[in-house]
Every structure is written in structure tokens, then in C-alpha cells.
Amino acid sequence: MQDTPTLSSIRQPVELIAETVVKELEKKIRQNKQQEEATAPARIYLPVSFQQGETTAVQSDATAES
């Protein structure tokens with residue numbers, strides 16, 4: 001039986017995502033109660049990181065240029 005390789009993945013800040021969603025919902029609820037004009041949803045960028053496993057090949061600079 002072969003060993004299963006470690007998967008590469010994207011790490012996302014789940015707690016920060018949840019906090020941000022709650023704040024945005026509270027803001028929308030407050031706007032609705034004050035009968036303010038609805039605004040477009042905010043575009044929010046949160047940090048992510050790449051966790052390299054054994055399922056992703058690393059390309060060297062020399063290989064990437066060809």
C-alpha cells in the first residue's frame with residue numbers, strides 16, 4: 001500500500017472571516033433600521049497563505065522562463 005501524499009492547500013483565516021461577516025451584517029441591519037439607502041456590498045480582502053504539500057510541483061526560475 002502506497003503512502004498518501006500530503007495535500008497542498010490554501011489556509012484561510014476562518015475566525016477573521018466570521019468576525020468580518022458579522023460586522024458587515026450589523027452594518028446592513030443598522031442601515032435598514034435607519035432607512036438609509038442600500039449600498040453595494042463591500043469588497044473586503046483578507047489574508048490567505050499557501051501551504052505547500054507533496055501534491056504541488058515547485059517550478060524553478062529557469063523552468064518558468066522556458
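The structure presented is a predicted model; accordingly, all values stated were derived computationally and were not measured. (Residues numbered from 1 in each chain as written. Predicted model: local features only at pLDDT ≥ 70, side-chain atom pairs only at ≥ 80, totals over all residues. Heavy atoms only, no water.)

## What to know about the pattern of salt bridges
Going by this rule: Criterion for a salt bridge: a side-chain nitrogen of Lys or Arg within 4 Å of a carboxyl oxygen of Asp or Glu. Counting from the N terminus, the helices are the DSSP runs of H or I reaching at least four residues and the strands are the DSSP runs of E reaching at least two. Partly exposed residues are those whose accessible area sits between 20% and 50% of the maximum for their type, while under 20% is buried and over 50% is exposed, using a 1.4 Å probe and protein chains only.
Within this structure, the stated rule accounts for 1 salt bridge. Linking K27 and E24 is a salt bridge whose minimum nitrogen-to-oxygen distance equals 3.4 Å. Note that K27 and E24 are positioned in helix 1 (residues 14-33) at a spacing of 3 residues, about one turn of the helix. Note on E24: relative accessible area 22%, which makes it partly exposed.

## Quick look at the side chain of Q31
Note the threshold: In what follows, a contact means two residues having at least one pair of non-hydrogen atoms within 4.5 Å.
With respect to the helices and strands, Q31 occurs in helix 1. Residue classification places Q31 among the buried positions, given a relative accessible area of 14%. Setting aside chain neighbours within four positions, we find Q31 in contact with E36 and T39.

## Considerations on helix 1
How we decide: Given the number of residues in a helix, its expected span is that number minus one, multiplied by 1.5 Å.
Here helix 1 contains 20 residues, and its C-alpha end-to-end distance of 29 Å stays within 8% of the 28 Å for a straight helix at 1.5 Å per residue. Following helix 1 by one or two positions, Q35 adopts a phi angle in the positive range, close to 55°.

## What to know about the confidence of the model for the protein
Threshold: You can read pLDDT as the predictor saying how much it trusts each residue, on a scale of 0 to 100.
Looking at the protein as a whole, the pLDDT averages 84, with 85% of positions reaching at least 70. Confidence, read as mean pLDDT per element, is least for helix 2 (residues 61-65) in the protein (59) and greatest for strand 1 (residues 9-11) (93).

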